[in-house]
Amino acid sequence: MLEKLQIVKQRFDEVNDLIIQPDIIADQKRYVQLNKEYKDLKTLVEKRDVYKELIDNIAEAEEIISDGSDAEMVEMAKMQLDEAKDALPLLEEEIKLLLIPKDPEDSKNVVVELRAGTGGDEASIFAGDLHRMYTKYCEGRGWKVSIVDYSEGTSGGFKEMIFEVSGEDVYGTMKFEAGVHRVQRVPQTETQGRVHTSAATVMVLPEAEEFDVELDMNDVRIERTTSTGPGGQSVNTTYSAIRLHHGPSGLVVSCQDQKSSHKNLEKALKVLRSRLYDKELEKKLAADSARRKSMVSSGDRSAKIRTYNYPQGRVTDHRIGLTLYDLSNIMNGDIQKILDELMLVENTEKLKEASEF
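A brief look at the structure comes next. (Residues numbered from 1 in each chain as written. Predicted model: local features only at pLDDT ≥ 70, side-chain atom pairs only at ≥ 80, totals over all residues. Heavy atoms only, no water.)

## Points about a negative patch on the surface
Together, Glu-60, Glu-63, Asp-67, Asp-70 and Glu-72 make up a negatively charged patch on the protein surface. A per-element tally of the negative patch places helix H3 (residues 28–67) first, with three residues. Take Glu-72: it is sitting in helix H4 (residues 71–99). Taking relative accessible area as the criterion, Glu-72 reaches 61% and is therefore assigned exposed. (Patch = residues over 30% accessible without salt bridge, like charges linked within 9 Å, V, L, I, M, F, W, Y side chains within 5 Å. Areas by Shrake-Rupley, 256 points an atom, 1.4 Å probe, with all protein chains shown as cover. Salt bridge = Lys/Arg side-chain N within 4 Å of Asp/Glu carboxyl O. Lys, Arg positive; Asp, Glu negative; His and termini not counted. Charge placed at Lys NZ, Arg CZ, Asp CG, Glu CD. Helix = DSSP H or I, 4+ residues; strand = E, 2+ residues; numbered from the N terminus. Buried < 20%, exposed > 50% of the residue type's maximum accessible area, 1.4 Å probe, protein only.)

Below is the structure:
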């Protein structure tokens, strides 16, 4: 373990020197990559220092105990030895996880696309509930949430909602939410009190940096229109809404959230880049069978991942068989306990894969 950590320390010192070099600072792509690497390595180097201290404490305690000339020192050394031996296995597990190469996408911001599925008006209302749940969760984490575009449902909620989330390691957390979410409850429009099943699809795209995707603006047709829906006179009469048509892929992206045409264009381009980047990422995932093995973040958007059952106050995540009777708090954004379990399963899978090589 110490040998591996020494290699990490050498690379940390190397990166530490590189990020202050003028030619690296001038190369934005390289600078951003090295800064991310520096942050990850710094955590490992700090754990290495603690690990080294524990190993030294064990060696020192064993030396005092074997000498045995000072009874009081021997007693203290025994306590030090027990403490160090208790702490060591836990620290080793932490270090093993940190030594697994991180997905470069995990540190990225995300674009989340929510779409009402089967269930008509009730599906739109549920999509609105999911948007509220994610907004509360993200704000609780100190992440910034910004709406890109939306299409309102006829009885409330949204047929479609696209929003950005920016913060620290957002994709590494939010990627677990991708898939079909199902709700079982009595709709507001139901007069007989019957429980209906509706669904909404969640897509989580890692937000592409400008240097991740080479976007030729000659391939993009920009359409400027007036915004639709609520927003006041100025929003609906100025040509601030943006629709982008990307010729090679056939992708169409809209943004009407901001009053400024320039800001809407900026947001729409972010979404377009992220969708193009996601297409490339899908190809990479399909080619990489080891990553496809993961049961909790396989990228299969047609998979039903979670059910929210209102009559029983129950939420079940089908990927790991986790059931929680805490629906009210979960719908108010308290989803960390579900995400923690999903991360634990994925990390266990990663450790198992790493030990096979």
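## A few points about the sheet that holds strand S11 (residues 322–324)
Taken in spatial order, the eight strands of this open sheet run S2-S3-S1-S5-S4-S9-S10-S11, and their pairing is mixed. Single-partner strands in this sheet number two, and they are strand S2 (144–152) and S11. Strand-to-strand, the axes of this sheet are offset by a mean angle of 15°, without reference to chain direction. Where strand S4 (residues 179–185) meets strand S5 (residues 196–206), seven bridges bridge the pair, whose relative direction is antiparallel. Opposite Val-183, over in S5, you have Ser-198 as the bridge partner. (Pairing = 2+ DSSP bridges. Axes fitted to C-alpha atoms, helices over the stretch in contact; angles between N-to-C directions.)

## Some thoughts on the sheet that holds strand S7 (residues 241–246)
The antiparallel open sheet is built from three strands, whose spatial order is S6-S7-S8. Each of the sheet's edge strands pairs with one partner strand only, and the pair in question is strand S6 (220–225) and strand S8 (252–255). Neighbour-to-neighbour, the strand axes of this sheet turn through a mean angle of 15°, independent of strand direction. In the sheet, S7 pairs with S8 via four bridges, with the strands oriented antiparallel. By the bridge assignment, Arg-243 is partnered in S8 with Ser-254.

## What about unusual backbone geometry?
Residues other than glycine seldom take positive phi values, yet Asp-169 does so here, at roughly 50°. With respect to the helices and strands, Asp-169 occurs in the loop between strand S3 (158–166) and helix H6 (170–174). Under the relative-accessibility criterion, Asp-169 is labelled partly exposed at 25%.

## Topic: the nonpolar core
Residues Leu-130, Met-133, Tyr-134, Val-165, Met-174 and Tyr-308 are the most contacted members of the largest nonpolar core, which totals 35 residues. Of all the elements in the fold, those that place two or more residues in this core are strand S1 (110–116), helix H5 (120–140), S3, H6, S5, helix H10 (327–331) and helix H11 (336–356). Ignoring anything within four residues of it in the chain, the contact list for Tyr-308 reads Phe-126, Leu-130, Met-133, His-181, Arg-182, Val-183, Gln-184, Arg-314, Val-315, Leu-327, Ile-330 and Met-331. (Core = buried A, V, L, I, M, F, W, Y, C linked by side-chain atoms within 4.5 Å. Contact = heavy atoms within 4.5 Å.)

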